[in-house]
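Observations on chain architecture
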Amino acid sequence: MLDGAVLVLCGVAGVQSQSITVDRQMKRYGVPRLAFINKLDRGGRDPVTAIEGLESKLDLETVQLQLPSASQ
């Protein structure tokens, strides 16, 4: 029994094949989710691309609560 899940994505690679598999399982069982974009302190990070991947590859509706500043 799950009340919810946190889907952790890489801020550099974005949505990967394992993310798609896990998302498919969450949809199958109706598990509500919160997505967290990790590794935003690394070079090559792109949170906007990760968010776009959530919307296009996983067909999820997103609401961005916080975006990091570009000055990092």
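Residues numbered from 1 in each chain as written. Predicted model: local features only at pLDDT ≥ 70, side-chain atom pairs only at ≥ 80, totals over all residues. Heavy atoms only, no water.

Digging into the overall build of the protein
For the protein, the count of helices and strands is two helices and two strands. Taking 11 Å as the expected radius of gyration for a compact globule of 72 residues, we find that the protein reaches 12 Å, a close match to that expectation. Projecting the C-alpha coordinates of the protein onto the three principal axes gives extents of approximately 40 × 20 × 20 Å. The burial tally for the protein puts 26% of its 72 residues in the buried class. When the accessible area of the protein is evaluated, it comes to approximately 5,300 Å², of which 51% is carbon and sulfur surface. In the protein, 8 positive and 8 negative side-chain charges are present, and the distance between their average locations comes to 8 Å. (Helix = DSSP H or I, 4+ residues; strand = E, 2+ residues; numbered from the N terminus. Rg over C-alpha atoms; globule rule 2.2 N^0.38 Å. Buried < 20%, exposed > 50% of the residue type's maximum accessible area, 1.4 Å probe, protein only. Areas by Shrake-Rupley, 256 points an atom, 1.4 Å probe, with all protein chains shown as cover. Lys, Arg positive; Asp, Glu negative; His and termini not counted. Charge placed at Lys NZ, Arg CZ, Asp CG, Glu CD.)

Remarks on the layout of surface pockets
The calculated volume of the largest pocket comes to roughly 570 Å³. Along its surface, the largest pocket is lined by 18 residues, and A35, F36, V63, Q64 and L65 are the ones closest to its centre. Elements with a contribution of two residues or more to the lining of the largest pocket: strand 2 (33-38) and helix 2 (47-56). Considering every element that reaches the lining of the largest pocket, the biggest residue donor is strand 2, with five residues. For the lining of the largest pocket, a count of residues per class yields 13 nonpolar, three polar and two charged. (1 Å grid on protein atoms, 1.4 Å probe; cavity = no way out; pocket = protein on both sides within 12 Å on 5 of 7 lines; lining within 4 Å. Points joined across faces, edges and corners; volume = space filled by probe spheres on them. Nonpolar A, V, L, I, M, F, W, Y, C, P; charged D, E, K, R; others polar.)

Regarding the side chain of S19
In this fold, S19 is placed in helix 1 (residues 17-28). S19 sits in the buried class, given a relative accessible area of 9%. Here S19 is in contact with L7, L9 and L58, once residues within four sequence places are set aside. (Contact = heavy atoms within 4.5 Å.)

A word on the pairing of strand 1 (residues 5-10)
Of the pairings in the sheet, the one linking strand 1 to strand 2 comprises six bridges and is parallel in character. The partner of V6 across the bridge, within strand 2, is L34. Traced from strand 1 through helix 1 to strand 2, the parallel crossover comes out right-handed. (Pairing = 2+ DSSP bridges. Right-handed = clockwise from strand over helix to strand, strands pointing away.)

Focus on helix 2
Those residues of helix 2 that fall on the buried side of the exposure criterion are P47, A50, I51, G53 and L54. Seen from one end, helix 2 has its buried residues packed into an arc of 155°, which puts them on one side. The secondary structure elements touched by the buried residues of helix 2 are strand 1 and strand 2. (Arc of directions from axis to C-beta.)

Notes on the pattern of salt bridges
The full count for this structure, using the stated rule, is two salt bridges. Bridged by salt links that share partners, the residues D23, K27 and R33 form one connected network. (Salt bridge = Lys/Arg side-chain N within 4 Å of Asp/Glu carboxyl O.)

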